[in-house]
Amino acid sequence: IIYSPKYNLSIKSVITEQRYSHMYTHLVREGLLSSTSFVAAPEASVGYLGLIHPPDYLQRAATPEFLCDVMEFSNEAKVLLRRHPEHVEAILLSFRKAVGGSLAAIDLAMQKQWAINLCGGHHHASFNHASGFCVYDDVSLAVHYARLHYKVRRVLIVDVDAHQGNGFERTALHHKDQHTFILDVYHKGIYPQDEVAKQAINVGVEVNGTTTTKEYLQRLREGLDQSKLEFPKAELLIYITSADILKGDSVGKLNISPEGLVQRDEEVFRHALFSRRIPIAMLVDGGYQDGASAVMAGSILNLARTFNLTRLRACRKRTLDVL
């Protein structure tokens with residue numbers, strides 16, 4: 001399980017984001033992790049980000065105007081960021097850590113069959129565009145990393161965040177990637193409704209606020225089964241998960257129970273580890289209501305118990321260089 005305190009942001013009058021620490025604290029309290037047993041997320045270098053993102057994009061991403069637009073900050077926050085460039089760097093560091101955590105998840109999944117990054121899955125960022133609180137396309141970078149370092153060719157991406165994963169989908173279209181298969185389960189009536197990006201989806205499961213937990217899980221299973229029929233020789237599953245499907249989430253606008261969320265993650269892990277017998281790298285994103293982090297942590301605990309996931313030893317921090 002990969003984590004960094006830098007995932008969390010606390011900048012007065014700008015942003016307070018502590019959901020990742022809440023998940024980590026819950027897992028420590030339940031005994032799955034300790035202060036020394038998690039894997040420290042490395043920081044992805046700007047050079048490594050450049051393997052997907054062009055130089056002009058990375059330059060724009062380091063400006064207050066860009067970040068305020070992507071993160072939906074106020075005009076007052078924009079003024080503050082202009083006055084304090086160290087705040088801009090703190091935000092970018094958090095996102096570089098998230099990317100590093102996702103790449104570390106590929107390393108660990110390929111070595112140990114599974115890995116969970118308690119951040120990442122920033123699926124609205126593409127190679128040249130950012131939106132929806134997502135700056136860097138860690139999903140596409142993870143695919144690239146797996147191919148570069150592990151000679152993996154055929155990658156299955158399963159995205160169950162309530163929102164369509166239009167960022168990495170647009171990157172896949174741009175690169176004409178014929179060896180990545182995308183199963184996307186999303187609310188069809190909310191942001192981003194990106195018709196261009198939908199062209200990259202191989203199996204699309206569109207749900208809405210009237211979809212029951214039972215129906216949701218059944219349609220997920222059908223989507224997983226269909227993905228295996230159409231893409232039988234996948235070598236790696238990258239799983240983008242989120243708590244924004246929960247009933248009461250004002251952003252996700254779905255109606256899924258906490259028990260349904262736990263079952264959802266279990267279904268995808270079972271599909272990877274038993275049905276396909278391939279490694280799975282889980283990236284945790286989203287969840288916008290009180291208690292969502294505890295539900296997500298509970299799901300991770302259930303995965304550990306159900307699949308007897310072994311504890312991972314801590315590893316040294318490292319910075320990924322241009323390779």
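Every chain begins its residue count from 1, and numbering advances along the sequence as written. In view of the model being predicted, local features appear only for residues whose pLDDT reaches at least 70, and side-chain atom pairs are presented and counted only at 80 or more, with totals across whole chains, interfaces and linings using the full set of residues. Working from all heavy atoms in the structure, the side-chain values ignore hydrogens and water.

Draft legend 1. Structural context of the overall build of the protein chain. The helix and strand tally for the protein chain stands at 11 helices and 12 strands. Summarising its shape, the C-alpha atoms of the protein chain cover approximately 50 × 45 × 40 Å along the three principal directions. Categorising residues by exposure relies on relative accessible area from a 1.4 Å probe, with only protein chains included: less than 20% of the type maximum marks a residue as buried, more than 50% marks it as exposed, and the intermediate range marks it as partly exposed. The buried share among the 323 residues of the protein chain stands at 59%. Of the contacts formed within the protein chain by residues at least 6 apart in sequence, a portion of 76% connects residues at least 24 apart. Reported accessibility uses the Shrake-Rupley method at a 1.4 Å probe radius. Residues are deemed covered only where the shown protein chains occlude them. Surface accessibility of the protein chain: about 13600 Å² in total, with carbon and sulfur atoms responsible for 50%. What counts as a helix is a DSSP run of H or I of at least four residues, what counts as a strand is a run of E of at least two, and both are numbered from the N terminus. Only heavy atoms matter for contacts: two residues are in contact if any of them lie within 4.5 Å across the pair.

Draft legend 2. Spatial organisation of the packing of helix α5 (residues 75-83) against helix α6 (residues 85-112). Each axis is a line fitted through C-alpha atoms, taken for helices only over the stretch in contact, and angles between the N-to-C directions span 0 to 180 degrees. At a minimum axis separation of 5 Å, α5 and α6 run at an interaxial angle of 105°. In this view, α5 runs roughly perpendicular relative to α6, as classed from their interaxial angle. Contacts between α5 and α6 involve L80, L81, R82 and R83 on the former and, on the latter, P85, H87, V88 and I91. Between 65 and 115 degrees an angle is taken as roughly perpendicular, under 35 as roughly parallel, over 145 as roughly antiparallel, and anywhere else as oblique.

Draft legend 3. View of the pairing of strand β10 (residues 236-241). Burial within β10 is extensive, with six of its six residues counted as buried. Burial along β10 is two-sided: the residues L236, I238 and I240 and L237, Y239 and T241 are all buried. Taken together, the five bridges between strand β7 (residues 155-159) and β10 define a ladder with parallel strand orientation. Counterpart to I157 in the pairing with β10 is I238. Pairing of β10 with strand β11 (residues 280-284) involves five bridges; the strand directions are parallel. Bridge pairing in β11 places Y239 opposite M282. Looking down the strands as they point away from you, a crossover is right-handed if its path from the first strand over the helix to the second goes clockwise. For the segment spanning β10, helix α10 (residues 258-276) and β11, crossover handedness is right-handed. Here, strands pair whenever DSSP counts at least two bridges between them.

Draft legend 4. Quick peek at the state of the cysteines. Pairs of cysteine sulfur atoms within 2.5 Å are identified as disulfides in what follows. Enumeration over the complete set of coordinates arrives at zero disulfides. Note on C68: no disulfide assigned, nearest cysteine sulfur contributed by C134 at a separation of 16 Å. We classify C68 as buried; its relative accessible area is 4%. We note that C134 lacks a disulfide partner, and the nearest cysteine sulfur, in C119, lies 9.7 Å from it. Given a relative accessible area of 2%, C134 falls into the buried group.

Draft legend 5. Main features of the side chain of Q164. Here Q164 lies in the loop between β7 and α8 (166-174). What qualifies as a polar contact is a pair of N or O atoms within 3.5 Å, subject to a donor-acceptor requirement within protein and to the restriction that residues adjacent in sequence count only when both atoms come from side chains. Within the local environment of Q164, its side chain forms a polar contact with the backbone nitrogen of D194, the two atoms lying 3.0 Å apart. Ignoring any residue separated from it by four or fewer positions in sequence, one finds Q164 in contact with H123, H124, E169, D184, Y186, Y191, P192, Q193, D194, A197, K198 and I201.

Draft legend 6. Fine view of the nonpolar core. Residues I116 and F269 are the most contacted members of the largest nonpolar core, which totals 116 residues. When residues in this core are grouped by element, the largest group, 12 residues, is from α6. Not counting chain neighbours up to four residues away, the residues in contact with I116 comprise I1, I2, F269, M282, V284, I300 and L303. Throughout this description, the term nonpolar core refers to a set of buried Ala, Val, Leu, Ile, Met, Phe, Trp, Tyr and Cys residues connected via side-chain atoms within 4.5 Å.

Draft legend 7. Representation of the confidence of the model for the protein chain in the model. Every residue carries a pLDDT, the predictor's confidence in it, which falls somewhere between 0 and 100. For the protein chain, per-residue confidence averages 94 on the pLDDT scale, and residues scoring 70 or more make up 95% of the total. Contacts from residues 312-318, a stretch scored under 50 in pLDDT, to residues over four places away or in other chains number 21 contacts.

Draft legend 8. The arrangement of a nonpolar patch on the surface in detail. A cluster of nonpolar side chains, F133, V251 and Y288, forms an exposed patch at the surface whose accessible area comes to about 230 Å². Tracing the sequence through the fold places Y288 in the loop between β11 and α11 (292-306). A relative accessible area of 34% places Y288 in the partly exposed class. The patches described consist of residues with a relative accessible area above 30% and no salt bridge, like charges being joined within 9 Å and nonpolar side chains (Val, Leu, Ile, Met, Phe, Trp, Tyr) within 5 Å. A carboxyl oxygen of Asp or Glu within 4 Å of a side-chain nitrogen of Lys or Arg is what we treat as a salt bridge.

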